[in-house]
Amino acid sequence: MSPAARAATLQARRSARFVAWVRAWRAGLVPCDDAAAEISGDEEHMVSDVPGTWTDVSLTDAIAALSKLHPDEVRLVLPAPGDPRGLPGPGPFSGAALLAGEGVIAGGLGFVPEVRLHTSGSGDEFETVRWQVFVLPTTPPPTDAPSTAEAEAELSAELATATRTLAKLDIAQWRPELAGAIEALRKPDGATDLPPGYDPRARRLYARASILDRVLALAEHAAPGGAINGYEVQQRDAALRPLTTACRRALVAACNAPLL
């Protein structure tokens, strides 16, 4: 894998990891403490407004509040403007999840992460993650959620289309690290961060979509230079828009897939 692609995978969506590991815990496949450790990684995570608490609590304590849930009651949502699929309807949680671009539905509670940047006394910057908890209305699971097979086929088709368009734009001239990352996607190494309980298709889909999610983040923050004009910017955005949607649907399908 190229350095660009490896860098693109360093920070997976926090809500995706939350859902995958909490579901594995609720299925009895991993201990609660292990699930919390896998979600937080090297970051400091705190949770606000957990029912029955008066101050911020640790991620482990917040997860423990979900001890009565079935794994299928924990779901990932990755909404975007104009695409609110998976959200329970208008309300504070939906607004926060739309703003963050991600969230977790866990029974009657919603979790949305907020990354906060801090500077130490020595000038070093570091991040902490604060999860905001919302009480949700009772809503049935979405009926239009794609299966992993459907999401995998959609992602492959959109990736092929986008790659052809970006090749015509000669993307390597203006964003070489993005071109390298896209090239690496053609030869995925099968690595996955999903916990025990997920089938091979879900693992493969999550691995590929997680890499692509970071590649698309690079594209979103790419500032066009002299090698790309306004028309090409429009063409690039038009090529990436359906691919971004397919990537989000793939992550949702993989994380919410039935456990073995």
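The structure presented is a predicted model; accordingly, all values stated were derived computationally and were not measured.

Our focus in this paragraph is the layout of surface pockets. The computed volume of the second largest pocket comes to approximately 500 Å³. Around the second largest pocket, the lining comprises 25 residues; the ones closest to its centre are Pro-142, Ala-145, Pro-146, Val-252 and Asn-256. Mapped by element, the contributors of at least two residues to the lining of the second largest pocket are strand S3 (74-77) and helix H9 (230-255). Along the lines of polarity and charge, the residues of the lining of the second largest pocket split into 13 nonpolar, 4 polar and 8 charged.

Let us look at the pattern of salt bridges. Inspection of the entire model under this criterion finds 12 salt bridges. The salt bridge involving Arg-14 is made with Glu-43; its shortest N-O contact spans 2.6 Å. Taken together, the residues span a long stretch of sequence, with Arg-14 in helix H2 (residues 14-26) and Glu-43 in the loop between helix H3 (32-40) and strand S1 (44-48) at a distance of 29 residues. Looking at Arg-14, the relative accessible area reads 11%, which means it is buried. Across the salt bridge formed by Arg-249 and Glu-154, the nearest N and O atoms sit 3.0 Å from each other. Taken together, the residues Arg-249 in helix H9 and Glu-154 in helix H6 (residues 148-168) connect sequence positions 95 residues apart. One salt-bridge network, in which partners are shared between bridges, spans Arg-14, Glu-43 and Glu-127.

Helix-helix packing is characterised by the crossing angle of the two axes and by the distance between the axes. Where H2 contacts H3, the axes come no closer than 9 Å and their chain directions differ by 170 degrees. Considered as vectors, H2 and H3 are oriented roughly antiparallel to each other. Of the residues in H3, those touching H2 at Arg-17, Phe-18, Trp-21, Val-22 and Trp-25 are Cys-32, Ala-35, Glu-38 and Ile-39. Tallied by class, the residues present in the contact of H2 with H3 amount to 7 nonpolar, no polar and 2 charged.

Within the secondary structure, Arg-214 sits in helix H8 (residues 200-220). Assessed through its relative accessible area of 25%, Arg-214 is described here as partly exposed. With 202 residues separating them in the primary sequence, Arg-214 and Ala-12 have C-alpha atoms 7.6 Å apart.

Residues of strand S4 (residues 103-106) alternate between two faces, with Gly-103 and Ile-105 on one and Val-104 and Ala-106 on the opposite face, all of them buried. Note: S3 against S4, 4 bridges, orientation antiparallel. Within the sheet, the bridge partner assigned to Leu-76 lies in S4 and is Val-104. Note: S4 against strand S5 (residues 109-119), 3 bridges, orientation antiparallel. Its bridge partner being in S5, Ile-105 is matched across the sheet by Gly-110.

About the cut-offs
- Residues numbered from 1 in each chain as written.
- Predicted model: local features only at pLDDT ≥ 70, side-chain atom pairs only at ≥ 80, totals over all residues.
- Heavy atoms only, no water.
- 1 Å grid on protein atoms, 1.4 Å probe; cavity = no way out; pocket = protein on both sides within 12 Å on 5 of 7 lines; lining within 4 Å.
- Points joined across faces, edges and corners; volume = space filled by probe spheres on them.
- Helix = DSSP H or I, 4+ residues; strand = E, 2+ residues; numbered from the N terminus.
- Nonpolar A, V, L, I, M, F, W, Y, C, P; charged D, E, K, R; others polar.
- Salt bridge = Lys/Arg side-chain N within 4 Å of Asp/Glu carboxyl O.
- Buried < 20%, exposed > 50% of the residue type's maximum accessible area, 1.4 Å probe, protein only.
- Axes fitted to C-alpha atoms, helices over the stretch in contact; angles between N-to-C directions.
- Parallel < 35°, antiparallel > 145°, perpendicular 65-115°, else oblique.
- Contact = heavy atoms within 4.5 Å.
- Pairing = 2+ DSSP bridges.

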